[in-house]
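Next come the chains, spelled out residue by residue.
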Amino acid sequence: ATNTTSTMAATLDEYRDILIADTFVDLTRLKLRAQHGVPAEIRGEVWKYLLDVSKPDKSEEVSITKKLSDNYRDMVEASQNDMEVLRRVKV
């Protein structure tokens, strides 16, 4: 069990090294590692890259995330304004 645990830890560390890259996730390395199985602890994040949900170019991912966050904030503000209008109408 100890050998399996240390192998699993090494595998997790290898995946984390690939995924924490500052600018670009190496998909070739990620695909090669995934052929041997992906630990459950990190499977969701790995599959996002393998299925092209998350982009390997992290600068693009950051700008998309910011845009989505801004859109969400705008929708929340708009819905709050709508609720205020509804409150006035009910009174």
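Up top is the structure.
Being a predicted model, the structure only gives us computed values, none of them experimental.

Novice: Give a description of the overall build of the chain that names residues and reports values.
Specialist: Scanning the chain from N- to C-terminus turns up 4 helices and 0 strands. Across the chain, helices and strands are ordered from the amino to the carboxyl terminus as α-α-α-α. Here the analysis covers contacts within the chain between residues at least 6 apart in sequence; of these, 46% occur between residues at least 24 apart. Accessible surface for the chain amounts to roughly 7,100 Å². Of this, 57% is attributable to carbon and sulfur atoms.

Novice: How would you explain the nonpolar core if you had to name every residue and give the values?
Specialist: Leu12, Tyr15, Ile18, Leu19, Val25, Leu30, Ala34, Val38, Ile42, Val46 and Tyr49 form the largest nonpolar core, which has 11 residues in total. Elements with a contribution of two residues or more to this core: α1 (2-19), α2 (27-34) and α3 (43-50). A per-element tally of this core places α1 first, with 4 residues. If sequence neighbours within four positions are ignored, Val46 has contacts with Tyr15, Leu19, Leu30 and Val38.

Novice: Which residues make up the side chain of Ser54, and what values go with them?
Specialist: Counting through the fold element by element, Ser54 comes out in the loop between α3 and α4 (58-90). Those residues in contact with Ser54 that lie beyond four places of it in its chain are Lys48, Tyr49 and Glu61.

Novice: Can you lay out the packing of α2 against α3 for me, pointing to particular residues and giving the numbers?
Specialist: Between α2 and α3, whose axes approach to 10 Å, the crossing angle comes to 125 degrees. In terms of their interaxial angle, α2 and α3 are classed as oblique. Handedness of the crossing formed by α2 with α3: left-handed. Contacts from Leu27, Leu30, Lys31 and Ala34 in α2 reach Val46, Tyr49 and Leu50 in α3. Taken together, the residues that form the contact of α2 with α3 break down as 6 nonpolar, no polar and 1 charged.

Novice: How would you sum up a nonpolar patch on the surface? Please name residues and give values.
Specialist: A grouping of Trp47, Leu51 and Val53 is seen on the molecular surface, where their side chains present a nonpolar patch of about 330 Å² in accessible area. Along the chain, Val53 falls in the loop between α3 and α4.

Novice: Tell me about the pattern of salt bridges, residues and numbers included.
Specialist: All chains considered together, the criterion is met by 6 salt bridges. Across the pair Asp74 and Arg73 runs a salt bridge, and its minimum N-O distance is 3.9 Å. You can call Asp74 partly exposed: its relative accessible area is 40%. Linked through salt bridges whose partners overlap, the residues forming this network are Lys66, Asp70, Arg73, Asp74 and Glu77.

About the thresholds
- Residues numbered from 1 in each chain as written.
- Predicted model: local features only at pLDDT ≥ 70, side-chain atom pairs only at ≥ 80, totals over all residues.
- Heavy atoms only, no water.
- Helix = DSSP H or I, 4+ residues; strand = E, 2+ residues; numbered from the N terminus.
- Contact = heavy atoms within 4.5 Å.
- Areas by Shrake-Rupley, 256 points an atom, 1.4 Å probe, with all protein chains shown as cover.
- Core = buried A, V, L, I, M, F, W, Y, C linked by side-chain atoms within 4.5 Å.
- Buried < 20%, exposed > 50% of the residue type's maximum accessible area, 1.4 Å probe, protein only.
- Axes fitted to C-alpha atoms, helices over the stretch in contact; angles between N-to-C directions.
- Parallel < 35°, antiparallel > 145°, perpendicular 65-115°, else oblique.
- Left-handed = near helix turned anticlockwise from the far one by under 90°.
- Nonpolar A, V, L, I, M, F, W, Y, C, P; charged D, E, K, R; others polar.
- Patch = residues over 30% accessible without salt bridge, like charges linked within 9 Å, V, L, I, M, F, W, Y side chains within 5 Å.
- Salt bridge = Lys/Arg side-chain N within 4 Å of Asp/Glu carboxyl O.

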